[in-house]
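Understanding the architecture of this molecule
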Amino acid sequence: MAILTKAPRGTQDVLPSQSHKWQYLEKKFMEVAGLYGFREIRVPTFEHTELFNRSVGDTTDVVQKEMYTFEDKGGRSITLRPEGTAGTLRCAIEHGLLGDALPVKVAYCLSAFRYEKPQAGRLREFHQFGVEMLGSSAPASDAEVISMVRHLFDELGVEASLEINSIGCPTCRAKFQQALHDHFAARREELCDTCKDRLERNPMRLLDCKSPICQEIGKGAPVMLDFLCDECTAHFDEVKALLDAMGIAYKVNPTIVRGLDYYTKTVFEFVTDKIGSQATVCGGGRYDGLVQQLGGPALPGIGFGMGIERLLMTMEACGCSFPEEKECVCYIGAMGPAAGAKAAQLVAEMRKEGFWAECDTMGRSVKAQMKYANKLGAKFSMILGDSELEQGKANLKKMDDGTVSEISLKNAEEMLSVIYAAKLSDVAESLSL
Ligand code: ATP
Ligand code: MG
């Protein structure tokens, strides 16, 4: 029965003890994105397969080897999204978002699926933050998108360095592709089978091949920067000048080509050596032909995708701080059914006030109830029994220093005023929810 108790290979559960980190990152990401005018978009988990073939490109590893594609009961070919850009652009075109004021700026947090060999930082279901900025061809938009990632990383304390390159436009890239073809064709027989085919269809993809022999042959291959046309050169120079002006450090890495076909001109990666061999936490670039290629208006675009699992791993490795997990504000222990009912009434009132409060739901002894309260890290506790009920009063204990306040049990009013007065950070946080 292991199949029932073992998650599929390459998937990862987020346990309750870890989920606050995800909530924190999601909130931070959308907050920073909001400062740059990106508004959240949510798109389907699956799309028509053709959308990815057309955009990601049918000579890429993603399309050739990694997609989760299946036929649905209606006979359509469907694919679980391997990235977020294609679906986002499809949505923008379908709903006429591009007919409004430009640029259109959207941000997302989504799951993505790729059939890859699972290892640290490489999953079959993973998660991405991303943004897309549509409508501007100006270098200012490249710089803005890149600076947003830097801003987020600085805020989170993530150490990752920025590497940029330009892979030109279709015009200047044609010459580069020819030069690459000549370079690799000289050793055609040694290439892996996939690359023998790519050599004729899209030689640039050979630079992205993971096979050691193809990588070896790729060393010393021509670089795109030597082939850029005047316009692409000017664009790249301007992006660099803007990054300089913003004080954002970068390295030009002429070997970056990115694994998806739709990129043009600027491509970039934020890489870190904190999680093993050089890992890309965030990758992105410009895609000037893509919107039109998908049936939309001839509008340029730029965006990035950021692996959330890799981001979390990097943060752990950098010793970044996360907000503390929430702790229970008050536990009310009770002895006997009448006290249990009173406890339930007070807890319900506190919860309506916005506090995490608890009472027994297990039928445990008072001793066991208090042990559980300690496990929850309850900031306050109280025990109700017959004598407390008779007197209509009980002692509310502040757990860290043992201070005791006698409060009326009529309702939660007195209890709440003691809790408010304690000004616990957890309390403040509970209230802000
Ligand atoms: P890599 O070269 O590591 O395979 P990629 O170029 O395929 O990455 P992109 O398609 O640009 O990656 O996706 C953007 C980001 O999504 C990556 O930089 C990475 O952080 C994350 N990512 C991509 N594939 C995976 C995966 N299989 N598991 C976890 N994160 C991933
Ligand atoms: Mg990949």
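Up top is the structure these notes are about.
Here's what I pulled together on the structure shown here. Here the residue numbers are simple positions, counted from 1 along each chain's written sequence. To label them, take the chains in the order written and letter them from A, then take the ligands in the order written and number them from 1. Confidence filtering applies because this is a predicted model: local features only for residues at pLDDT of at least 70, side-chain atom pairs given and counted only at 80 or more, and all residues used for totals across whole chains, interfaces and linings. Neither water nor hydrogens contribute to the side-chain values; these are computed over all heavy atoms in the structure.

Some details on the side chain of lysine 105
- Numbering of helices and strands runs from the N terminus; a helix is a DSSP stretch of H or I covering at least four residues, while a strand is a stretch of E covering at least two. Mapped onto the elements, lysine 105 comes out in strand 5 (residues 104-113).
- Residue lysine 105 is classed as buried on the basis of its relative accessible area, which comes to 17%.
- Polar contacts, as used here, are pairs of N or O atoms within 3.5 Å; protein pairs need one atom able to donate a hydrogen and one able to accept it. Residues neighboring in sequence count only if both atoms are side-chain atoms. Engagement of the side chain of lysine 105 in a polar contact is seen with the side chain of glutamate 144, the distance being 2.6 Å.
- What makes two residues a contact is simply this: any of their non-hydrogen atoms within 4.5 Å. Apart from the residues within four sequence positions on either side, lysine 105 is in contact with Tyr36, Gly37, Phe38, Arg39, Glu132, Met133 and Glu144. Three labels apply to residues, based on accessible area from a 1.4 Å probe with only protein chains included: buried if under 20% of the type maximum, exposed if over 50%, partly exposed otherwise in between.

Details of the site of ligand 1
- The immediate surroundings of ligand 1 are formed by 16 residues, with Arg114, Glu116, Arg122, Leu123 and Arg258 found nearest.
- At 3.1 Å, a backbone N or O of valine 281 approaches an oxygen atom of ligand 1.
- Using the Shrake-Rupley algorithm and a 1.4 Å probe, accessible areas are obtained, with residue cover drawn only from the displayed protein chains. Considered on its own, ligand 1 offers 590 Å² of accessible surface; in the complex 90% of this is hidden by protein.
- Put simply, the parts of the chain that give the shell around ligand 1 at least two residues each are strand 6 (125-134), strand 10 (279-286) and strand 11 (301-307).
- In terms of residues, the shell around ligand 1 owes the most to one element, strand 10, which gives four residues.
- Polar here means any residue other than Ala, Val, Leu, Ile, Met, Phe, Trp, Tyr, Cys and Pro, which are nonpolar, and Asp, Glu, Lys and Arg, which are charged; Gly is therefore polar. For the shell around ligand 1, the class distribution of residues is five nonpolar, six polar and five charged. Any residue with a heavy atom lying within 4 Å of a molecule or strand is counted as near it.

Describing a positive patch on the surface
- A surface patch of like charges, here positive, comprises Arg364, Lys367, Lys371 and Lys375.
- Tracing the chain through its elements places arginine 364 in the loop between strand 13 (357-359) and helix 14 (366-376). Think of a patch as exposed residues, more than 30% relative accessible area, with no salt bridge, where like charges cluster within 9 Å and nonpolar side chains (Val, Leu, Ile, Met, Phe, Trp, Tyr) cluster within 5 Å. Each salt bridge in this description consists of a side-chain nitrogen of Lys or Arg and a carboxyl oxygen of Asp or Glu lying within 4 Å of one another. Residues counted as positive are Lys and Arg, residues counted as negative are Asp and Glu, and His and the chain ends are not counted. By convention, the charge on Lys lies at NZ, on Arg at CZ, on Asp at CG and on Glu at CD.

Concerning the pairing of strand 10
- Burial analysis of strand 10 places seven of its eight residues in the buried class, the great majority of the element.
- In this structure, strand 9 (residues 264-272) lies alongside strand 10, joined through seven bridges in antiparallel fashion. Paired with phenylalanine 270 across the bridge in strand 10 is cysteine 282.
- Strands are treated as partners if at least two bridges between them are detected by DSSP. Linkage of strand 9 to strand 10, two consecutive antiparallel strands, is achieved through a turn of six residues, within which glycine 276 is found at a positive phi near 90°.

Considering a nonpolar patch on the surface
- Residues Met1, Ile3 and Leu4 make up a contiguous nonpolar surface patch of roughly 450 Å² in combined accessible area.
- Mapped onto the fold, methionine 1 is located in the segment before helix 1 (2-5).

Considerations on the packing of aromatic side chains
- Two aromatic rings from Phe, Tyr or Trp, using only the six-membered ring of Trp, form a pair when their centres are within 6.5 Å; if the ring planes differ by under 30 degrees the pair is stacked, by over 60 it is edge-to-face, and anything between is tilted. Evaluation of the coordinates by the stated rule reveals 10 aromatic pairs.
- Plain terms: the ring middles of tyrosine 331 and tyrosine 372 are 6.2 Å apart, the flat faces sit at 80° to each other, and that makes the pair edge-to-face. Highlighted residues: tyrosine 331 in strand 12 (residues 330-334) and tyrosine 372 in helix 14, separated in sequence by 41 residues.
- Taken together, the ring pairs connect Phe153, Phe268 and Phe270 into an aromatic cluster.

Just geometry here; none of it tells us what the structure is for.
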